[in-house]
Amino acid sequence: MTTTLPADPRIEAVAARLKAASQERAEAYMPPTEWQPIWKRPRNPKSIKAKKAELAEQRKRLKAAGIRRFYGAQARWPRPRPRPRQNRIGSAAARRDARALSRMRHSNAWLW
């Protein structure tokens, strides 16, 4: 003869709290109802003035970066000598091989 144990109200309360918490977590992780992927959203075209201002800001940033790069290459402490533009030791073929190897290392191609 099998008997069922009487339900413990404390266990039932804990189970109910766990169920409610898991339901809240599931609702928190669900996407909002009006969600759309970014490529399907309607575009908000910028005004010509805003676009030109953004491009001007970008030009200014790039110009400043170029100037920093130029002077960084010129001033090598302690003796300010310009850095060589390319490694003059070694041949062009060796440089080509090194470039190809670097490309292979950074790709996800599998070598058989």
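Scroll up a little and you will see the structure.
Residues numbered from 1 in each chain as written. Predicted model: local features only at pLDDT ≥ 70, side-chain atom pairs only at ≥ 80, totals over all residues. Heavy atoms only, no water.

**Overview of the overall build of the protein chain**
Counting its secondary structure elements, the protein chain contains three helices and zero strands. About 12,000 Å² of surface is accessible on the protein chain, with carbon and sulfur atoms providing 60% of the total. (Helix = DSSP H or I, 4+ residues; strand = E, 2+ residues; numbered from the N terminus. Areas by Shrake-Rupley, 256 points an atom, 1.4 Å probe, with all protein chains shown as cover.)

**Digging into a nonpolar patch on the surface**
The grouping of Ile 67, Phe 70 and Tyr 71 at the surface amounts to a nonpolar patch, some 330 Å² of accessible area in total. With a relative accessible area of 55%, Tyr 71 lands in the exposed category. (Patch = residues over 30% accessible without salt bridge, like charges linked within 9 Å, V, L, I, M, F, W, Y side chains within 5 Å. Salt bridge = Lys/Arg side-chain N within 4 Å of Asp/Glu carboxyl O. Buried < 20%, exposed > 50% of the residue type's maximum accessible area, 1.4 Å probe, protein only.)

**What to know about the packing of aromatic side chains**
Counted under the stated rule, the structure contains one aromatic pair. Pairing Phe 70 with Tyr 71 gives two aromatic rings, centres 5.1 Å apart and planes at 80 degrees, and the pair type is edge-to-face. Of the residues examined, Phe 70 reaches a relative accessible area of 41% and is grouped as partly exposed. (Phe/Tyr/Trp six-rings, centres within 6.5 Å; stacked < 30°, edge-to-face > 60°.)

**Regarding the pattern of salt bridges**
Two side chains carrying opposite charge are able to pair once their charged atoms lie near each other. According to the stated counting rule, one finds three salt bridges in the structure shown. Across the pair Asp 8 and Arg 10 runs a salt bridge, and its minimum N-O distance is 3.4 Å. Using a relative accessible area of 64% as the deciding quantity, one classes Arg 10 as exposed. The partner of Lys 46 in a salt bridge is Glu 54, and the shortest N-O contact between them spans 2.4 Å.

Bear in mind that shape data such as this cannot, by itself, settle questions of function.
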